[in-house]
Amino acid sequence: GDFIIIGDLMKSISLLMYNSLEGTIQEIARDYNANWMTAIELCNDEIYVGAENRYNLFTVQKNSDATTDEARHMLNVVGEYHLGEFVNAFRHGSLVMKTDTS
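No experiment lies behind these values; they were computed from the predicted model shown. (Residues numbered from 1 in each chain as written. Predicted model: local features only at pLDDT ≥ 70, side-chain atom pairs only at ≥ 80, totals over all residues. Heavy atoms only, no water.)

J.: Even after reading the chapter, I still don't get the overall build of the protein chain, so can you show me in this structure?
T.: Tallying secondary structure elements over the protein chain gives one helix and seven strands in all. Going residue by residue from the N terminus, the α and β elements of the protein chain occur as β-β-β-β-β-β-α-β. Counting every position in the protein chain, which comprises 102 residues, the buried fraction comes to 26%. Within the protein chain, residue pairs in contact and separated by at least 24 positions form 41% of the contacts whose partners lie at least 6 positions apart. Seen as two clouds, the 7 positive and the 15 negative side-chain charges of the protein chain have centres 3 Å apart. (Helix = DSSP H or I, 4+ residues; strand = E, 2+ residues; numbered from the N terminus. Buried < 20%, exposed > 50% of the residue type's maximum accessible area, 1.4 Å probe, protein only. Contact = heavy atoms within 4.5 Å. Lys, Arg positive; Asp, Glu negative; His and termini not counted. Charge placed at Lys NZ, Arg CZ, Asp CG, Glu CD.)

J.: I tried to follow the pairing of strand S5 (residues 47–52) on my own but got confused; where do I start?
T.: Regular strands show a simple pattern: their side chains alternate between the two faces of the sheet. Across the six residues of S5, five count as buried, placing the element largely inside the fold. Of the strand pairs in this sheet, strand S4 (residues 37–42) and S5 are connected by five bridges, and their pairing is antiparallel. By the bridge assignment for S5, Glu41 is matched with Val49. Turn length for the S4-S5 hairpin, with the two strands adjacent in sequence and antiparallel, is four residues. Pairing of S5 with strand S6 (residues 56–62) involves six bridges; the strand directions are antiparallel. Looking across to S6, one finds that Val49 is bridged to Thr59. The turn joining S5 and S6, which pair antiparallel and follow one another in sequence, is formed by three residues; a positive phi near 70 degrees is taken by Tyr55. (Pairing = 2+ DSSP bridges.)

J.: Would you mind going over the nonpolar core with me for this structure?
T.: As a rule of thumb, soluble globular proteins bury nonpolar side chains together. Among the nonpolar cores identified, the biggest contains nine residues, and these are Ile5, Ile13, Leu15, Ala29, Met37, Tyr48, Phe58, Val60 and Leu75. Mapped by element, the contributors of at least two residues to this core are strand S2 (12–19) and S6. Discounting chain neighbours no more than four positions away, the residues touching Ile13 are Ile6, Arg30, Asp31, Met37, Ile40, Val49, Gly50, Phe58, Val60 and Leu75. (Core = buried A, V, L, I, M, F, W, Y, C linked by side-chain atoms within 4.5 Å.)

J.: Looking at this structure, I do not really get the sheet that holds strand S3 (residues 24–30). What am I missing?
T.: Sheet strands pair by backbone hydrogen bonding; their relative direction is either parallel or antiparallel. If you trace the three strands from one edge of the open sheet to the other, you get S1-S2-S3, paired in antiparallel fashion. The open sheet is flanked by strand S1 (3–8) and S3, the only strands paired with a single partner. Averaged over all pairs of adjacent strands, the angle between strand axes in this sheet comes to 35 degrees, irrespective of strand direction. (Axes fitted to C-alpha atoms, helices over the stretch in contact; angles between N-to-C directions.)

J.: Looking at this structure, I do not really get unusual backbone geometry. What am I missing?
T.: Trans is the common state for peptide bonds, and a negative phi is the common state for residues other than glycine. The backbone of Ser12 shows a phi angle near 65 degrees, a positive value even though the residue is not glycine. As for its placement among the helices and strands, Ser12 is situated in strand S2. Residue classification places Ser12 among the buried positions, given a relative accessible area of 0%. Of note in this structure, Tyr55 is not a glycine but carries a positive phi near 70 degrees. Structurally, Tyr55 is set in the loop between S5 and S6. Residue classification places Tyr55 among the partly exposed residues on the basis of a relative accessible area of 40%.

The following block contains the structure:
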């Protein structure tokens, strides 16, 4: 879609949306935890993964089903992982070899 994710060095992950009709960008949700971001990536339209400078990965989820605007503006942490390695980029791929089924 028209979603943009931003990893701010001290303010974690923000989710923005581009409105092509008005030519504007608006913040629609953010993670209010203080994470010093080193990398971010979209998993899908609802879930985003981030890496921070203390060797941790975490996932946040957009709160689309919330009943209040305040709750919808928050990205909820749904996973936290201590990796023990510094991550500065995510690459798409697979950990298993794909087999040829033909």
